[in-house]
Amino acid sequence: MPTAVQSTGVFAELKNKIETKTARVGIVGLGYVGLPLAVEFAKAGFVVTGIDVQEAKVEGLKLGKSHVQDVPDSEVAKLVAEKKFDATTDFSVVRDLDTINICVPTPLRKTKDPDMSYIVSAVEEIAKHFHPGLLVILESTTYPGTTNELLLPTFEKDGLKPGEDFFLCFSPERVDPGNPVYQTSNTPKVVGGITAACTEMGRLFFSQALQTVVPVSSTRVAEMVKLLENTFRMINIGLVNEMAVMCDGIGINVWEVIDAAATKPFGFMPFYPGPGLGGHCIPIDPFYLSWKTKQSGIEARFIELAGHINGSMPHFVTDKIQKALNEASKPVKGSHVHIAGVAYKRNIDDMRESPALDIILLLRQLGAKVTYTDPYVPTLKLDGVTLDSEDLVSSAVAADCVVIVTDHSSFDYRELLTASNLIVDTRNAMKGFSSPKIVRL
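The rules behind the values
- Throughout, a residue's number is its position along its own chain's written sequence, starting from 1.
- It should be noted that, the model being predicted, local features are given only for residues of pLDDT at least 70 and side-chain atom pairs only at 80 or more, the latter also being counted only at that level, while totals for whole chains, interfaces and linings use all residues.
- Side-chain metrics rest on all non-hydrogen atoms present in the structure, leaving aside hydrogens and water.
- The buried label applies to any residue whose accessible area, calculated with a 1.4 Å probe on protein chains only, is under 20% of its type's maximum; exposed applies above 50%, and partly exposed to all values in between.
- Each helix is a run of H or I in the DSSP string that is no shorter than four residues. Each strand is a run of E no shorter than two, and both are numbered from the N terminus.
- DSSP calls a pair of strands paired once it identifies at least 2 bridges connecting them.
- Crossover handedness is defined here as right-handed if the route from the first strand over the helix to the second strand goes clockwise, with the strands pointing away from the viewer.
- In the sections that follow, a salt bridge refers to a side-chain nitrogen of Lys or Arg positioned within 4 Å of a carboxyl oxygen of Asp or Glu.
- Nitrogen and oxygen atoms within 3.5 Å of one another constitute a polar contact, given that in protein one can donate a hydrogen and the other can accept it, and given that sequence-neighbouring residues count only through two side-chain atoms.
- Contact definition: two residues touch when any of their heavy atoms are within 4.5 Å.
- For helices, the axis comes from a line fit to the C-alpha atoms of the stretch in contact; other axes are also lines fit to C-alpha atoms, and the angle between any two N-to-C directions lies between 0 and 180 degrees.
- Both cavities and pockets are sets of points on a 1 Å grid over the protein atoms alone; in a cavity a 1.4 Å probe fits but cannot get out, in a pocket the set is open with protein on both sides within 12 Å along at least five of seven lines, and lining residues sit with an atom within 4 Å of a point.
- Grid points are joined across faces, edges and corners, and a volume is the space filled by probe spheres set on the points.
- Note on residue classes: Ala, Val, Leu, Ile, Met, Phe, Trp, Tyr, Cys and Pro are nonpolar, Asp, Glu, Lys and Arg are charged, and everything else, Gly too, is polar.

Draft legend 1. Quick look at the pairing of strand E6 (residues 167-170). Neither face of E6 is open: one carries Phe167 and Cys169, the other Leu168 and Phe170, and all of them are buried. Relative to E6, strand E5 (residues 135-138) is paired through four bridges, and the arrangement is parallel. Bridged to Ile137 within E6 is Cys169. Note on the crossover from E5 through helix H6 (residues 146-155) to E6: the handedness is right-handed.

Draft legend 2. Seen up close, the pairing of strand E4 (residues 99-102). Burial of the side chains of E4 extends over both faces: Thr99 and Asn101 are buried on one face and Ile100 and Ile102 on the other. Direction of pairing for E4 relative to E5: parallel, over a ladder of four bridges. Bridge assignment links Thr99 to a residue of E5, and that residue is Leu135. Running through helix H5 (residues 117-127), the crossover from E4 to the neighbouring parallel element E5 is right-handed.

Draft legend 3. Expanded view of the pattern of salt bridges. Using the criterion set out here, one finds 22 salt bridges in the structure. Note that Lys17 is salt-bridged to Glu13, the shortest N-O span being 3.9 Å. Placement of both Lys17 and Glu13 in helix H1 (residues 10-19) is noted, with a separation of four residues, approximately one turn of the helix. Two residues, Asp259 and Lys431, come together in a salt bridge whose shortest N-O distance is 3.0 Å. On the criterion of sequence distance, the pair formed by Asp259 in helix H9 (residues 254-261) and Lys431 in the loop between strand E14 (423-425) and strand E15 (438-440) is long-range, its members being 172 residues apart. Salt bridges sharing common partners tie together Glu13, Lys17, Arg24 and Asp98.

Draft legend 4. Just helix H2 (residues 34-43), in detail. In terms of residue burial, H2 counts as a mostly covered element, since nine of its 10 residues are buried. Regarding H2, the residues found buried are Gly34, Leu35, Pro36, Leu37, Ala38, Val39, Glu40, Phe41 and Ala42. Immediately beyond the C-terminal end of H2, within one or two residues, lies Gly45, with a positive phi of roughly 115°.

Draft legend 5. Quick look at the side chain of His131. With respect to the helices and strands, His131 occurs in the loop between H5 and E5. Within the structure, His131 has its side chain in polar contact with the backbone oxygen of Val94 (distance 3.2 Å). Within the local environment of His131, its side chain forms a polar contact with the backbone oxygen of Leu97, the two atoms lying 2.9 Å apart. Those residues in contact with His131, other than ones at most four positions away along the chain, are Val94, Arg95 and Leu97.

Draft legend 6. Seen up close, the sheet that holds strand E2 (residues 47-51). Reading across from one edge, E3-E2-E1-E4-E5-E6-E7-E8 is the order of the eight strands in this open sheet, with mixed pairing throughout. With partners counted over all chains shown, the strands left at the sheet margins are strand E3 (85-88) and strand E8 (213-216), one partner each. For this sheet, the mean inter-axis angle between neighbouring strands, taken without regard to orientation, is 25°. With five bridges connecting them, strand E1 (residues 24-28) and E2 associate as parallel partners. Counted as the bridge partner of Val28 is Ile51 from E2. Of the strands in this sheet, E1, E4 and E5 touch H5, which is tilted by about 165° from E4.

Draft legend 7. Broad picture of the layout of surface pockets. The computed volume of the largest pocket comes to approximately 1,200 Å³. Asp176, Arg233, Ile237, Ile282 and Lys345 are the residues nearest the centre of the largest pocket, which is lined by 38 residues in total. Examining the composition of the lining of the largest pocket, we find that seven residues originate from one element, helix H8 (residues 219-249), more than from any other. Tallied by class, the residues present in the lining of the largest pocket amount to 17 nonpolar, 12 polar and nine charged. Reported here for the second largest pocket is a volume of approximately 1,000 Å³. Lining the second largest pocket are 43 residues, with Gly31, Tyr32, Lys57, Pro105 and Arg352 sitting closest to its centre. If you list the elements that add at least two residues to the lining of the second largest pocket, you get H5 and helix H10 (285-294). The element that contributes the greatest number of residues to the lining of the second largest pocket is H5, accounting for four residues.

Have a look at this one:
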């Protein structure tokens, strides 16, 4: 909590603005994290300015057009019309802002070390217009120490002190695209600041628009929270993927095993195998931790092993397709393989790190003709070739094999079974169906 000194002056002024919702809110990066956050604060009564370097994205938002699946056009249009939300590519608006949330990408390089260029670029632009009284919250997933090492020196270089002249926090994004239950507003928000006053200001800010805020003691703790969450999932998915490979080798249905194990009311949490990891978090975030700990001479062996197992799953699936076709007396070379679902998970349009991309490339390398259906991805550009989504049933009739890579709920699996000659099911989408046509992961 703030000290008596901090209860007056800059702290008190910003606190009053936040509590009266007169604080001018800025969001840098209007993607799947930034835009939903901007919408929640605008709906809560704040005037929000979104900043993004992509001009087409900004122009679309000004016209009330959302590019994020979880945010409907109507919601954006309403907030724009009410002058509660606007978007720009011009960072000079920072001069007039009271708070800034940085929600930019943090991808991995091919060498699996973090690419901090988007954060660095955003911070450099903010610094040009930085002023006392500003609350800055980094939300981009990164390694422990980023906020202290990259942001703090830039903002305090003119003698400004965190917790007194400005406020700096880290709060990990916890967005799960397509989740019908947990969105930005009702997912608990962790926040940790450079000082206790920074943490309190961050907690106060988020509590104006989000249901639950969880303050922690430092930015480094908050940064580590996100990595623990996603490393936990990555390693457990790696374990169950390895279990799937082992069960396949000895002729056991891994899905039945998991369902039976999940009846235990304590000491077990079900995870499910699949064709590989995809998305913006699970395949990437744990390697931030692996990279950081290597600098301290600590080897993250679980992360590296799980990464190897999960990364091998597209090859395992491709081998399974090849084996299934061979048993049907149809060599993969020259066969028509149709992919059902190419998004990285069900009922969304996100293609980032999707295992479907690897499977398509591997099948094409083996000489197969590959087509696909995905109601959320109408066009797919891959390795210099453009593919268009096709009708599922007619494609299944024509194909030698259908591979269910993403189990969208809009697919009619009973109709698919009738239409198909052979199905390789990597998601247990055909659970409840019994047919010699079905080959399960």
